[in-house]
Amino acid sequence: MSHLLTKWEPENQQFWEKQGRVIALRNLWISVPALLLAFVVWQLWSVVVVYLPEVGFKYTQNQLMLLTALSALSGATLRIIYAFMVPIFGGRRWTVFSTATLLIPTIGFGICIQNPNTSFATMVILALLCGFGGANFSSSMANIGYFFPKSRKGFATGVNAGLGNLGVPFVQFVTLWVIGISIFGVLGGGPETRIHNGQQSLVWLQNITYIWVPLIAVTVIAAWFGMNDLATVKASFSEQSIIFKRKHTWVACLLYLGTFGSFIGFSAALPLLIKHEFVNVNPIKYAFLGPLLGSIFRVVGGIASDKFKATRVTQISFLGMIVFSLCIVFFISAPEESRSFVGFLISFMILFIFVGLGNGSVFAQVPGIFTIFYQKYLKKQKAESEEQMNEDAAKETGAVLGFMGAIGAYGGFIIPKLYGTSLSYTGSYNLAFYIFVGFYVFCLLINRWYYLRKNAEIRC
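All of these numbers come straight from a predicted model, not from anything done at the bench.

J.: Help me out: how do you make sense of the overall build of the protein chain in this one?
T.: Across its full length, the protein chain holds 20 helices and four strands. Against the 2.2 N^0.38 benchmark of 23 Å for 460 residues, the protein chain shows a C-alpha radius of gyration of 22 Å, consistent with a compact globule. Viewed in the frame of its principal axes, the protein chain has a C-alpha envelope of about 75 × 50 × 35 Å. Nonlocal contacts in the protein chain, meaning residues at least 24 apart in sequence, comprise 83% of its contacts between residues at least 6 apart. Surface summary for the protein chain: the accessible area is close to 17900 Å², and the carbon and sulfur share equals 66%.

Have a look at this one:
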């Protein structure tokens, strides 16, 4: 069986129903676990930093926050490169390669975490290597978008990203169950002594990374034998770089920084935020709930955007994010002895719901934006057939989806750093949340101006 498809016409209803749907869904359901594992690797630091001081690592609070931020920064930067790789190398081959590279930080992390004398510089390198996981998102989303017609892109990208995002709560939740037992025996190494609230216990922190190694290997094999490359999706970097000249590329990046940037930033920093604000609460027991809801509602946001206007779903998302960010400020501003953890947690969970909806809707509105852009503007300038116009719009959409995924990922660096800066200069996290609210208001106005108002430039 050839893995290279020379004919791919998802907008042709007969082709789609006869053979396209089955192939597209097969690629989607292999892409999902690959992306989920990528997020697992990317977010390893969000849970590990909580345990490092308790097993003897002598890192400062600022160094711990920096390790979390560096992983996010690396992933975001690498996404800029990964965003353009699928049309150059093919979706199947790039998925195999990018998933296989996850083994490097996973195995390295498992080795180094067993030695409390591991230098901070070594941990910095591992944090940067974990960025491989974050980078995979851009190539994965661009690739899956090529397989589906416009009417199903919201579903496809919502499922791929939403279920892929589950890697964030998975790594936080699974940690609770795997660190207390010797899963791999002598092959996995011995335990470390954890001192928590004055009590000692044995933990196998290396299990946090080692348990994903066989799953990554199986996924690489599945991608090699089960996925496809599309011959119709071929473009050099110079051909794709036209997106940098499009105003709507940068508008989409801004909106996605507000939604996905919030998801990944809040997910990475929430455990440390809980630990600081509610000292008697175990953050790992609750931190996974937010990313879990955000991931689920990303799927909802994508599906809702296929049925309603994606831009309206985006607008509702930003409104909700504004309201519940202010609710969080209310709860963490209360005197320490009377703070309500329940109120704080519920507010953060609802905030994650609106963030998830926005993640799905912003991705869903991009194909519509660039299809209308081609129809209204470019078709006037050059005589293109309908088929050629759709191909060009699809290529630009894929590149934009990948690139805005890169820009959005910088939220994973920005939010932890803003938390740290706010705490250093004001003694609380309030200033950081006020900055978030101001940015969400700006995104809400931008979305309305370009896409929602009556005389919007591209009303969609």
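There is more to say after this.
J.: Any chance you could explain a nonpolar patch on the surface here in plain terms?
T.: Nonpolar side chains collect at one region of the surface, where I181, I183, F184, V186 and L187 lie side by side and expose about 540 Å² of accessible area between them. Relative to the helices and strands, V186 is located in the loop between α10 (167-178) and β2 (192-196). Since its relative accessible area comes to 82%, V186 is described here as exposed.

J.: I keep staring at the packing of aromatic side chains and nothing clicks. Help me out?
T.: To describe a pair of aromatic rings, you give the distance between the ring centres and the angle between the ring planes. Counting across every chain of the model gives 46 aromatic pairs. Summarising the aromatic geometry, the rings of F244 and W250 are spaced 6.3 Å apart at their centres and angled 35° between planes, so their arrangement reads as tilted. When its relative accessible area of 29% is taken as the criterion, F244 is described as partly exposed. Seen from the ring of W224, R92 lies directly overhead, with NZ or CZ sitting 4.1 Å from the centre.

J.: Teacher, can you tell me more about the environment of N280 here?
T.: Inspection of the secondary structure puts N280 in the loop between α14 (247-277) and α15 (289-307). Of the residues examined, N280 reaches a relative accessible area of 79% and is grouped as exposed. Linking N280 and N197, residues 83 residues apart in sequence, is a C-alpha distance of 9.4 Å.

J.: Sorry if this is basic, but what is going on with the nonpolar core here?
T.: Inside soluble globular proteins, nonpolar side chains tend to come together where they are buried. Core analysis: the largest hydrophobic core is formed by 129 residues, its most contacted members being W45, F266, F344, F348, Y419 and F433. Filtering out sequence-adjacent residues up to four positions away, F348 remains in contact with F266, L270, L273, I328, Y419 and F433. Counting 19 residues, the second-largest nonpolar core is a separate cluster that includes I144, F147, F148 and V159.

J.: How should I be thinking about the layout of surface pockets in this particular structure?
T.: A water-sized probe, rolled over the atoms, reveals where empty space remains. Approximately 220 Å³ is the volume found for the second largest pocket. Taken together, 14 residues line the second largest pocket, and the ones lying closest to its centre are K150, S305, D306, A364 and G368. Of all the secondary structure elements, the ones that give two or more residues to the lining of the second largest pocket are α9 (150-165), α15 and α17 (341-381). In the lining of the second largest pocket, the residues fall into five nonpolar, five polar and four charged.

J.: Help me out: how do you make sense of the pairing of strand β3 (residues 199-203) in this one?
T.: For a regular strand, side chains alternate in direction, first toward one face of the sheet and then toward the other. With five bridges joining them, β2 and β3 adopt antiparallel strand pairing. When the sheet's bridge partners are listed, E192 is paired in β3 with V203. Once β2 ends, the chain turns through two residues before running back antiparallel as β3, passing N197 with a positive phi of about 55°.

J.: I'm lost on the packing of α10 against α15 in this one. Help?
T.: If you want to describe how two helices pack, look at the angle between their axes and the distance between the axes. Look at α10 against α15: their axes get within 8 Å of each other, and the N-to-C directions meet at 150°. In terms of their interaxial angle, α10 and α15 are classed as roughly antiparallel. Where α10 crosses over α15, the two elements pack in a sense that is left-handed. Residue-level inspection shows V168, P169 and Q172 of α10 in contact with α15, the latter providing P291, L292 and S295. For the contact of α10 with α15, the residue count by class is four nonpolar, two polar and no charged.

J.: Before we go on, may I ask you to explain a positive patch on the surface in this structure?
T.: A contiguous patch of positive charge on the surface is contributed by R312, R448, K454 and R459. Considering the arrangement of structural elements, one finds R312 in helix α16 (residues 310-333). The partly exposed category is assigned to R312, whose relative accessible area is 48%.

J.: Hey, could you run me through the pattern of salt bridges in this one?
T.: Pairs may arise between side chains of opposite charge once their charged atoms sit close together. Counted according to the given criterion, the structure contains eight salt bridges. Across the salt bridge formed by E17 and R21, the nearest N and O atoms sit 2.7 Å from each other. With E17 and R21 both in helix α1 (residues 13-42), this residue pair falls four residues apart, about one helical turn. The exposure class assigned to E17 is partly exposed, which follows from its relative accessible area of 41%. Overall, R21 belongs to the partly exposed group, its relative accessible area being 29%. Residues E277 and R339 are paired through a salt bridge, measuring 2.6 Å at the closest nitrogen-oxygen approach. Residue E277 is found in helix α14, and its partner R339 is found in the loop between α16 and α17; the two are separated by 62 residues along the sequence. Look at R339 and you get partly exposed, because its relative accessible area is 23%. Residues joined by salt bridges that share partners form a network here, namely E54, R194 and K275.

Reading the values: rules and limits
- Residues numbered from 1 in each chain as written.
- Predicted model: local features only at pLDDT ≥ 70, side-chain atom pairs only at ≥ 80, totals over all residues.
- Heavy atoms only, no water.
- Helix = DSSP H or I, 4+ residues; strand = E, 2+ residues; numbered from the N terminus.
- Rg over C-alpha atoms; globule rule 2.2 N^0.38 Å.
- Contact = heavy atoms within 4.5 Å.
- Areas by Shrake-Rupley, 256 points an atom, 1.4 Å probe, with all protein chains shown as cover.
- Patch = residues over 30% accessible without salt bridge, like charges linked within 9 Å, V, L, I, M, F, W, Y side chains within 5 Å.
- Salt bridge = Lys/Arg side-chain N within 4 Å of Asp/Glu carboxyl O.
- Buried < 20%, exposed > 50% of the residue type's maximum accessible area, 1.4 Å probe, protein only.
- Phe/Tyr/Trp six-rings, centres within 6.5 Å; stacked < 30°, edge-to-face > 60°.
- Lys NZ or Arg CZ within 6 Å of the ring centre and 35° of its normal.
- Core = buried A, V, L, I, M, F, W, Y, C linked by side-chain atoms within 4.5 Å.
- 1 Å grid on protein atoms, 1.4 Å probe; cavity = no way out; pocket = protein on both sides within 12 Å on 5 of 7 lines; lining within 4 Å.
- Points joined across faces, edges and corners; volume = space filled by probe spheres on them.
- Nonpolar A, V, L, I, M, F, W, Y, C, P; charged D, E, K, R; others polar.
- Pairing = 2+ DSSP bridges.
- Axes fitted to C-alpha atoms, helices over the stretch in contact; angles between N-to-C directions.
- Parallel < 35°, antiparallel > 145°, perpendicular 65-115°, else oblique.
- Left-handed = near helix turned anticlockwise from the far one by under 90°.
- Lys, Arg positive; Asp, Glu negative; His and termini not counted.
- Charge placed at Lys NZ, Arg CZ, Asp CG, Glu CD.

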